Amino acid sequence: MITYAISFLLSFAIVMVLIPPLAKLAFRLDFVDKPRKDVERKIHREPIPLTASYAIFVGFATSFLLFSKESPEQTIAVLIGSLLLLTIGTIDDWYKTQGKDFSALPKMIVQLSAAVIVYLSGINFSGFYNPLSGEYILLPEWLQFILTILWIFGVTTVINFSDGMDGLAGGLTAISAGTLFVVALVKGQTTSAIMAISLIGVALAYLRYNKPPAKIFMGDAGATFLGFILAVIALDGAFKQATVLSLFIPILALGVPIFDNLFVVAKRFMQGKPIYQADASQVHYRLLRTGLNPKQVVAFLCLISMCFSLTSIILLLLGV
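Residues numbered from 1 in each chain as written. Predicted model: local features only at pLDDT ≥ 70, side-chain atom pairs only at ≥ 80, totals over all residues. Heavy atoms only, no water.

**Remarks on the environment of P106**
Here is step 1: On the secondary structure map, P106 appears in helix α4 (residues 104-120).
Here is step 2: Each C-alpha atom of the pair P106 and A13 lies 33 Å from the other, and the pair is 93 residues apart in sequence. (Helix = DSSP H or I, 4+ residues; strand = E, 2+ residues; numbered from the N terminus.)

**Brief notes about the environment of N210**
Here is step 1: Position of N210 relative to the elements: it lies in helix α7 (residues 190-210).
Here is step 2: In this structure the side chain of N210 is engaged in a polar contact, spanning 2.7 Å, whose partner is the backbone nitrogen of G167. (Polar contact = N/O pair within 3.5 Å; in protein donor to acceptor, adjacent residues only side chain to side chain.)

**A word on the nonpolar core**
Here is step 1: Core analysis: the biggest nonpolar cluster contains 73 residues, and W151, L199 and I229 have the highest contact counts within it.
Here is step 2: The greatest single-element share of this core, amounting to twelve residues, is contributed by helix α8 (residues 219-236).
Here is step 3: The contacts of I229, once residues within four sequence positions are left out, are F60, V78, S82, M195 and L199. (Core = buried A, V, L, I, M, F, W, Y, C linked by side-chain atoms within 4.5 Å. Buried < 20%, exposed > 50% of the residue type's maximum accessible area, 1.4 Å probe, protein only. Contact = heavy atoms within 4.5 Å.)

**Things to note about helix α2 (residues 52-67)**
Here is step 1: Compared with the 22 Å implied by 1.5 Å per residue over 16 residues, the 23 Å span of α2 between its first and last C-alpha is a close match.
Here is step 2: Listed in full, the buried residues belonging to α2 are A52, S53, A55, I56, F57, G59, F60, A61, S63 and F64.
Here is step 3: Turning to α2, the residues buried within the fold contact α1 (2-29), α3 (72-97), α7 and α8. (Expected span 1.5 Å × (residues − 1).)

**What to know about the side chain of D93**
Here is step 1: In this fold, D93 is placed in helix α3.
Here is step 2: Among buried charged residues, D93 stands out as having no salt bridge; its nearest opposite-charge side chain is K96, 4.3 Å away.
Here is step 3: Of the polar contacts made by the side chain of D93, one reaches the backbone nitrogen of D220; its length is 2.8 Å.
Here is step 4: Among residues more than four places away in sequence, those in contact with D93 are F31, L50, M218, G219, D220 and A221. (Lys, Arg positive; Asp, Glu negative; His and termini not counted. Salt bridge = Lys/Arg side-chain N within 4 Å of Asp/Glu carboxyl O.)

**Structural notes on the packing of aromatic side chains**
Here is step 1: Tallying each qualifying case throughout the model produces twelve aromatic pairs.
Here is step 2: Ring centres 5.7 Å apart and planes at 75° place the aromatic pair F57 and F225 in the edge-to-face group. Residue F57 is found in helix α2, and its partner F225 is found in helix α8; the two are separated by 168 residues along the sequence. Comparing F57 with F225 shows no difference in burial state: the two are buried.
Here is step 3: Between the aromatic rings of F60 and F64, the centroid separation amounts to 5.6 Å while the plane-to-plane angle is 20°, which identifies the pairing as stacked. Taken together, the positions of F60 and F64, both in helix α2 and four residues apart, correspond to about one turn of that helix. (Phe/Tyr/Trp six-rings, centres within 6.5 Å; stacked < 30°, edge-to-face > 60°.)

**Regarding a nonpolar patch on the surface**
Here is step 1: A cluster of nonpolar side chains, namely W142, F145, I146 and L150, defines an oily patch on the protein surface of about 430 Å² accessible area.
Here is step 2: Following the sequence through the fold, I146 ends up in helix α5 (residues 141-162).
Here is step 3: The exposure class of I146 is partly exposed, given its relative accessible area of 38%. (Patch = residues over 30% accessible without salt bridge, like charges linked within 9 Å, V, L, I, M, F, W, Y side chains within 5 Å. Areas by Shrake-Rupley, 256 points an atom, 1.4 Å probe, with all protein chains shown as cover.)

**Concerning the environment of L147**
Here is step 1: Relative to the helices and strands, L147 resides in helix α5.
Here is step 2: Distance from L147 to S126, taken between C-alpha atoms, is 8.9 Å for residues 21 residues apart in sequence.
Here is step 3: The residues contacting L147, other than those within four sequence positions of it, are F125 and L139.

**Concerning the packing of α1 against α7**
Here is step 1: Direction vectors running N to C along α1 and α7 enclose 30°, while the axes themselves pass 8 Å from each other. Considering only the axes of α1 and α7, their crossing is right-handed. (Axes fitted to C-alpha atoms, helices over the stretch in contact; angles between N-to-C directions. Left-handed = near helix turned anticlockwise from the far one by under 90°.)

Structural data, given as structure tokens:
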């Protein structure tokens, strides 16, 4: 537990220390998210720095490298995948500072590439236990590949889509990572626990500056990174030794962004819109239109996320 505490404190402290100078640098470089009255998703009224992602990455990577017992191949794969997402996310964020939209195709290719790198390192969804017979059902390699890539790509995307309001993506990430940390502790999975507690540290430190009204944003670079790491933690922890029913534990831990974005994707598909086309159809924007203020929306969604997370922990403790 001392190691976990140090991991948390280190990742938290690094983000807290790095964000202020990175915010000043963003203003010097004009790397800021400017308000746009003609875009419903832009609810802030002042330019906001877009550099929190780099502090988040450094905080997590430092703790991960110092305390993780992951194999060298898997450690390198996670960091390479993270850097790929950070790079393409930075390009996307730069386009936003110019009032432009970056093409979805390069982002999708890079996200899929990061997922493939992780799969090739040995972090994957290989199968599950039959709760009736106790027999382990090993999936065919082609199905392992497809499910692993879909999971990583999907979670990366839904966390990114959820980053539309001050404190929301950071709050949901902290809650989900907290749930996966509990799962890892119960299952005795040290590496997953280190990754989860480090992610909690960076997410809470980021929230210190991103709570309403936000002083800094993490942009696509940070949101996709957080989603990517959450997906990897689940694959390396909650999905291991899982039964058919306990497969729902990581899904429930990420319940709010997953279920909301499944609804959004289905709605866009039925309306004939591109899935990646940015709009204001996510649940946080819909709640805003009901009359709730941003703080109430974030608090409500975080409460729902905690309910999902508690449900997943109950499933874990029941040993289903």
